[in-house]
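This is what each chain is made of:
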Amino acid sequence: MAVILMFDAGGCSAPRLYELLLALGNEVRVVDASFRTEDALEALGEADALALSGRRRAKSSSDVLGTALIRGARGSGIPIVGVCYGAQLRNNAMGGTLEVMGRRLTGLNEVRVDQGDPAFSGMPSDRAKFYEPRARRIRRLAPGLRDVAWSDAGGVEAYVGDRVYGFLFHPELSGGAGVMVMRGALEALGILHPRGRRP
């Protein structure tokens, strides 16, 4: 069983992300912006992976701690999965940029996916609907990242890199499709073993 350290950045869906990671067979430990950076990094040192949640409102303390955890994970070779704000923060922390969209996304959004990528290889089609409430999109991906899902409304919807996945939508709020995508990402990162195979 893998130990995932989840950074709860204050998003209302963070408990659902926690439940999804737990349901996929992981032990999940949580830190949030109330933690001292040293304590959060110590907890990261005992984890097999880092998950970064979404957030409801901008908080500089979330940016500071989240960035420290991202850099600590990268320096230690710990895999990272970011969701919504977590994916945006991971991109920005490594040199990417964001921009404000003309129209805020709310509810289910149709997304085109790269079925050749392990996170999306189990999808029955190259199009799926995922839940996302956000007002920003990726303007430029950080070096070493490539997009693996897109939408007309939101631009880059998911990216992959060395030991990292980022989802701008919320897998934890997207029903069976979201579970499938998160499972595929965790398997690709070596956090979960594929179904039917033992470690």
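Our structure's up above, just so we're on the same page.
In this report, the structure presented in the accompanying data block is examined. (Residues numbered from 1 in each chain as written. Predicted model: local features only at pLDDT ≥ 70, side-chain atom pairs only at ≥ 80, totals over all residues. Heavy atoms only, no water.)

**Overview of the packing of helix α1 (residues 14-23) against helix α5 (residues 175-188)**
- Contact pair α1 / α5: the axes reach a minimum separation of 11 Å and the direction vectors enclose 60°. Considered as vectors, α1 and α5 are oriented oblique to each other. The chirality of how α1 crosses α5 is right-handed. When α1 is examined against α5, the residues Leu17, Leu20 and Leu21 are found in contact with a partner set consisting of Val179, Met182 and Leu186.
- In terms of residue class, the contact of α1 with α5 is made up of six nonpolar, no polar and no charged. (Axes fitted to C-alpha atoms, helices over the stretch in contact; angles between N-to-C directions. Helix = DSSP H or I, 4+ residues; strand = E, 2+ residues; numbered from the N terminus. Parallel < 35°, antiparallel > 145°, perpendicular 65-115°, else oblique. Left-handed = near helix turned anticlockwise from the far one by under 90°. Contact = heavy atoms within 4.5 Å. Nonpolar A, V, L, I, M, F, W, Y, C, P; charged D, E, K, R; others polar.)

**Notes on the sheet that holds strand β11 (residues 164-167)**
- Pairing within the open sheet is mixed, and its nine strands lie in the order β2-β1-β3-β4-β11-β10-β9-β6-β7. Here the strands that pair on one side only, and so sit at the sheet edges, are β2 (27-32) and β7 (127-131). The average undirected angle you get between the axes of adjacent strands in this sheet is 25°.
- Sheet analysis places strand β4 (residues 80-83) next to β11, joined by four bridges and oriented parallel. Its bridge partner being in β11, glycine 82 is matched across the sheet by glycine 166.
- Each of β1 (3-8), β2, β3 (49-52) and β4 is contacted by α1, which is oriented at about 175° to β1, the strand it contacts most. (Pairing = 2+ DSSP bridges.)

**Some points on the pairing of strand β10 (residues 155-161)**
- With six of seven residues buried, β10 is to be regarded as a mostly interior element.
- Two elements, strand β9 (residues 146-151) and β10, share five bridges in a ladder whose sense is antiparallel. Its bridge partner lying in β10, serine 151 is registered against glycine 155.
- The hairpin formed by β9 and β10 contains three residues between the paired strands.
- Summarising the sheet, β10 and β11 pair through four bridges and their orientation is antiparallel. Within β11, the residue paired with tyrosine 159 across the bridge is glycine 166. (Buried < 20%, exposed > 50% of the residue type's maximum accessible area, 1.4 Å probe, protein only.)

**What about the nonpolar core?**
- Ranked by size, the top nonpolar core spans 35 residues in total, and within it Leu21, Phe120, Phe130, Phe167, Val181, Met182 and Leu186 carry the most contacts.
- Here phenylalanine 120 is in contact with Val113, Asp114, Gln115, Phe130, Val148, Ala149, Ala158, Phe167, Phe169 and Val181, once residues within four sequence places are set aside.
- Listed in part, the 28 residues of the second largest apolar core include Leu5, Ile78, Ile80 and Tyr159. (Core = buried A, V, L, I, M, F, W, Y, C linked by side-chain atoms within 4.5 Å.)

**Some thoughts on the packing of aromatic side chains**
- Within this structure, the stated rule accounts for four aromatic pairs.
- Relative to phenylalanine 167, the ring of tyrosine 165 lies with its centre 5.8 Å away and its plane at 10°, an arrangement referred to as stacked. Both residues of the pair, tyrosine 165 and phenylalanine 167, count as buried.
- For the pair phenylalanine 167 and phenylalanine 169, a centre-to-centre distance of 5.5 Å together with 45° between the ring planes defines the contact as tilted. Judged on exposure class, the residue phenylalanine 167 and its partner phenylalanine 169 are both buried.
- Members of the aromatic cluster, each reached through a chain of ring pairs, are Phe120, Phe130, Tyr165, Phe167 and Phe169. (Phe/Tyr/Trp six-rings, centres within 6.5 Å; stacked < 30°, edge-to-face > 60°.)

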